[in-house]
Amino acid sequence: MLVPALLVLLFCLRGHAGLSPHFLQQPKDLMVLLGDEARLPCALGTYSGVVQWTKDGLALGGERDLPGWSRYWISGDAARGQHDLHIRPVELEDQASYECQATQAGLRSRPAQLHVLVPPEAPQVLGSPSVSLVAGVPANLTCRSRGDARPTPELLWFRDEVQLDGATSYQTLLKKGTIESVESILSFTPSSHDDGATLVCRARSQALPAGKDTAITLSLQYSPVVTLSAEPQTVQEGEKVTFLCQARAQPPVTGYRWAKGGSPVPGARGPMLEVVADTSFLTAPVSCEVSNAVGSANCSTALDVQFGPILQAKPEPMSVDQGEEASFSCAWHGNPLPRVTWTRHGGAQVLGYGPTLRLPSVGPEDAGDYVCRAETGPSGLGGGAAEVRLTVNAPPVVTALHSSTAFLRGPARLQCLVFASPAPEAVVWSWDEGFLEKGSRGRFLVETFPAPEGRIGQGPGLISVLHISGTQESDFSRGFNCSARNRLGEGDTWISLGRREVLPTIRVVAGVASLATSLIIVITGVALCCWCQGKASFSKQKNQVHIPGSSHGSSLRGPEEEETGSSENQGSIMHMDSSDLVLDEEGALETKDPTNGYYKVQGVSVSLSIGKTPGDGLFLPPSSPLGPLGTPPFYDFNSHLGMPRPCKLSRAQAGYLTTPHSRAFTSYIKPTSFGPPDRAPRTPPFPYASFPTPSHCRLQTHV
């Protein structure tokens, strides 16, 4: 309410006192494009006198049509105080400072500057419309704007509507201080990718904000741009691969050169190369170099060659003390990278993965062989393995080889087996009254030699033997200690000596000897009985057997044979070989000395008949089927030797005694000799030889 009241009061006071002329609107600076219309406004209040415009201080006149200024005039309602100045079309000379003046009131408006804008012309680019450049060589592109453009235009460079940086602008002034031209220089280093590119130089100012453009095309000469490919890129070792070398070049390509790992490939020409892939292509890439008149360029590529694991670093065997850490390392190379696992030799449990295996605080149970295995997985390119041995140094391990027994006052031998790593410094045998490391001492002797086989990871084995000559009672009641020591400690074992009794063996031998003696007595009695009763009967036979007593050997002729009855009435006949039994001239049966005169003895004529046969022949029991085919028959006399049948001398049908052994019933030995019977090779024993006896089981006859 207070403000309106004040305004009303002020109006009343002015009305009472009267208002002086004043500007309601004054001209302002104006920029007008050349050829357009310019309007400078001017309005006065409480003034009805003459109004004029000045141009740089020069009065244009008080008439509204401004005679003499054909392009100038004043417009507006003068009664209302409107006096606007119009200029059309605007020319460069119209650029000046203008004032609106009320001459009768002595009023002057503030000066208004009229700026005439002249749009720039299209710029010029040196070398347009196509500029030839060399890729990789720095170049300068020049853009120039000439004319009376107002204000001075700005020159800009664009590529694909993107402004380029790095341009430098220069202005050339006339002597009068006006600008004659403007230049912009773009410095850059073109590449082969710039070939055919379009660059735009744009002149822009306030008179033409959109500016005017001039475009140029770049024509580049460049060394070859190479692209190298391999088919297939991933290949297994041993397969064929084709390399293709493609190049863009201006001017055209003049040559190709192939290399592998930096070394030229002999005979390789042209854009294609065919090779057989191996593992070297992973580290030695293939390169292709292409040349033209401008220069040369190359490109290289490496093949993805897949192959199975290859051992690069073999694990080294280790020897560590018990309780320390053991560590093994092995390195495998393969493509794809193999999976490495660690196991015990002969075991399936995986102990670790990767190239390193660590075993903390090892013990004797950790000693042995470990396997570092490489697996390629699903690629199916095989695998590999490397073994390494861990030796755990520990105190010796001593064990008894086996229990030992001996006879009293006989020799004895005790053995112990020692495994140790490091090797034992000494192996010592000890007992109640002493000890012995090596050599001999009284009845004791120590020998130590390597064991045939050692324990894996526990070093080579030693066998220590304690020899005792002439054992005593005390040796069987005490223990013998075998101990070994090295730098890590000592190990031992106790071994006792067992006693072998002599009495049971003597009883067995005596029983066998008694039985054999009884058998010899029976056989001797039977033989003498038969000899006594049948001597006369044998002397009457023409075909009696004669055993000569010559010490110089006799003729090996067989005796004459004579039939004494029908073959149907004859029993089984036992024959003697003619080399042992012959008939002398008188028909007496004599024995040949089988010792060839060594004992100077003669034999006794013997013809033994066991059992009576219808043909008065010598009865033989059925032969035994034992023994291989082709061997002499085996006759069992056991059932007949115990029968008290009378002996009878009978004439053999064939005149010979056929026995498995030529001297089975008559033989000669030294009286003091003992031992097993000296039978001929492959001759089955007679029944009496089956009785165990330490004495000779054959009849001895001496004269």
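Just above sits the structure.
Predicted model, so just to flag it, every value in this text is computed and none were measured.

Novice: What am I meant to see in a nonpolar patch on the surface here?
Specialist: A cluster of nonpolar side chains, namely Val134, Val137 and Val294, defines an oily patch on the protein surface of about 190 Å² accessible area. Mapped onto the fold, Val294 is located in the loop between β26 (286-291) and β27 (296-301).

Novice: Is there a simple way to think about the nonpolar core in this case?
Specialist: Counting 23 residues, the largest nonpolar core has Trp53, Tyr72, Leu85, Ile87 and Tyr98 as the members making the most contacts within it. The set of elements that each furnish at least two residues to this core consists of β3 (38-40), β5 (51-55), β7 (72-75), β8 (84-87), β9 (97-102) and β11 (112-117). Core analysis: the next-biggest nonpolar cluster, separate from the first, contains 20 residues, Ala406, Val418, Phe444 and Leu497 among them.

Novice: Hey, could you run me through the sheet that holds strand β40 (residues 434-436) in this one?
Specialist: Strand-to-strand pairing in sheets goes through backbone hydrogen bonds, with the strands running parallel or antiparallel. One open sheet accounts for 5 strands, arranged β37-β45-β44-β39-β40; its pairing is mixed. Each edge of the open sheet is held by one strand with a lone partner, namely β37 (404-407) and β40. Going from strand to strand, the sheet's axes swing by 30° on average, the running direction of each strand aside. By the bridge criterion, 8 bridges tie strand β44 (residues 479-486) to strand β45 (residues 489-500) in an arrangement that is antiparallel. Bridge pairing in β45 links Asn481 to Trp494.

Novice: In this structure, what is going on with the sheet that holds strand β24 (residues 263-264)? I would like to understand it.
Specialist: The strand order across the open sheet formed by 4 strands is β24-β23-β26-β27, and the pairing between neighbours is antiparallel. Two strands lie at the open edges of the sheet, namely β24 and β27, each paired on one side alone. Pairing between strand β23 (residues 255-260) and β26: 6 bridges, direction antiparallel. From the neighbouring strand, Arg257 faces β26, where its bridge partner is Glu289.

Novice: Which parts of the structure should I look at to understand the state of the cysteines?
Specialist: Disulfide: a covalent bond formed between the sulfur atoms of two cysteine residues. Within the structure shown, the criterion is met by 5 disulfides. Through a disulfide, Cys245 is tied to Cys288; the S-S separation comes to 2.1 Å. Between Cys245 and Cys288 the disulfide shows an S-S torsion of about -90°. By sign, it is left-handed. Of the two residues, Cys245 is situated in strand β22 (residues 240-250) and Cys288 in strand β26; the sequence distance between them amounts to 43 residues.

Novice: Help me out: how do you make sense of the side chain of Asn393 in this one?
Specialist: Tracing the sequence through the fold places Asn393 in strand β36 (residues 383-400). Given the relative accessible area of 6%, Asn393 is considered buried. Side-chain polar atoms of Asn393 contact the side chain of Asp321, separated by 3.0 Å. Once residues lying within four places of it in the same chain are set aside, the contact partners of Asn393 are Ser319, Val320, Asp321, Gln322, Ser421, Pro422, Arg487 and Leu488.

Novice: Teacher, can you tell me more about the pattern of salt bridges here?
Specialist: Here the idea is simple: oppositely charged side chains can pair when their charged atoms come close. Enumeration over the complete set of coordinates arrives at 21 salt bridges. Among the ionic pairs, Glu154 bridges to Arg204, the shortest N-O distance being 3.5 Å. Of this pair, Glu154 sits in strand β15 (residues 154-159) while Arg204 sits in strand β19 (residues 198-205), placing them 50 residues apart in sequence. One salt bridge in this structure joins Asp475 and Arg443, with 2.9 Å as the shortest N-O distance. You can see Asp475 sitting in helix α3 (residues 473-477) and its partner Arg443 sitting in the loop between β41 (439-441) and β42 (444-450), a full 32 residues away along the chain. A relative accessible area of 0% places Asp475 in the buried class. Through salt bridges with shared partners, a single network forms among Arg71, Glu91, Glu93 and Asp94.

Novice: Sorry if this is basic, but what is going on with the packing of aromatic side chains here?
Specialist: For any two aromatic rings, the description comes down to two numbers: the centre-to-centre distance and the angle of the planes. Taken as a whole, this structure holds 6 aromatic pairs when the rule is applied. An angle of 55° between the planes, with centres 6.4 Å apart, marks the rings of Phe444 and Phe480 as tilted. One end of the pair, Phe444, is in strand β42; the other, Phe480, is in strand β44, with 36 residues separating them in the sequence. One exposure class covers both Phe444 and Phe480, and it is buried. Through successive ring pairs, a cluster of aromatic residues spans Phe328, Trp342 and Tyr370. Against the face of Phe158 rests Arg202, its NZ or CZ located 4.3 Å from the ring centre. In this structure, Lys260 is placed above the aromatic ring of Phe281, and the distance from its NZ or CZ to the ring centre is 3.9 Å.

Novice: Where do I start with the environment of Ser483 in this structure?
Specialist: Along the chain, Ser483 turns up in strand β44. Given a relative accessible area of 9%, Ser483 falls into the buried group. The sequence separation of Ser483 and Val428 amounts to 55 residues, and the corresponding C-alpha distance is 5.3 Å. For Ser483, the residues in contact, after removing those within four places along its chain, are Ala426, Val427, Val428, Glu490, Gly491 and Asp492.

Novice: It is not clear to me how the side chain of Asn481 should be interpreted in this structure. Could you clarify?
Specialist: Along the chain, Asn481 turns up in strand β44. The class for Asn481 is buried, based on a relative accessible area of 6%. In this structure the side chain of Asn481 is engaged in a polar contact, spanning 3.1 Å, whose partner is the side chain of Asp492. Apart from the residues lying within four places of it in its own chain, the contact partners of Asn481 are Val428, Trp429, Ser430, Asp492, Thr493 and Trp494.

Novice: For this particular structure, what's the right way to read the pairing of strand β34 (residues 356-359)?
Specialist: In β34, alternate side chains face the same way, and those of Leu357 and Leu359 are buried while those of Thr356 and Arg358 on the opposite face are not. As defined by bridge partners, strand β30 (residues 326-329) adjoins β34 across 4 bridges and the pair is classed as antiparallel. Among the inter-strand pairings, Ala326 is bridged to a residue of β34, identified as Leu359.

Novice: How should unusual backbone geometry be read in this particular structure?
Specialist: Most of the time, phi is negative for any residue but glycine, and the peptide bond is trans. Cis rather than trans, the peptide bond between Gln250 and Pro251 has omega equal to 5°. Its place among the elements puts Pro251 in the loop between β22 and β23. With a phi angle near 50°, Leu66 is a residue other than glycine that sits in the positive phi range. For Leu66, the location among the structural elements is in the loop between β6 (58-59) and β7. Look at Leu66 and you get buried, because its relative accessible area is 1%. For Ser361, which is not glycine, the phi dihedral falls at a positive 50°. Judged by its relative accessible area of 52%, Ser361 is exposed.

How each quantity is defined
- Residues numbered from 1 in each chain as written.
- Predicted model: local features only at pLDDT ≥ 70, side-chain atom pairs only at ≥ 80, totals over all residues.
- Heavy atoms only, no water.
- Patch = residues over 30% accessible without salt bridge, like charges linked within 9 Å, V, L, I, M, F, W, Y side chains within 5 Å.
- Areas by Shrake-Rupley, 256 points an atom, 1.4 Å probe, with all protein chains shown as cover.
- Salt bridge = Lys/Arg side-chain N within 4 Å of Asp/Glu carboxyl O.
- Helix = DSSP H or I, 4+ residues; strand = E, 2+ residues; numbered from the N terminus.
- Core = buried A, V, L, I, M, F, W, Y, C linked by side-chain atoms within 4.5 Å.
- Buried < 20%, exposed > 50% of the residue type's maximum accessible area, 1.4 Å probe, protein only.
- Pairing = 2+ DSSP bridges.
- Axes fitted to C-alpha atoms, helices over the stretch in contact; angles between N-to-C directions.
- Disulfide = S-S within 2.5 Å.
- Polar contact = N/O pair within 3.5 Å; in protein donor to acceptor, adjacent residues only side chain to side chain.
- Contact = heavy atoms within 4.5 Å.
- Phe/Tyr/Trp six-rings, centres within 6.5 Å; stacked < 30°, edge-to-face > 60°.
- Lys NZ or Arg CZ within 6 Å of the ring centre and 35° of its normal.

Shape is all these values report; function is a separate question.
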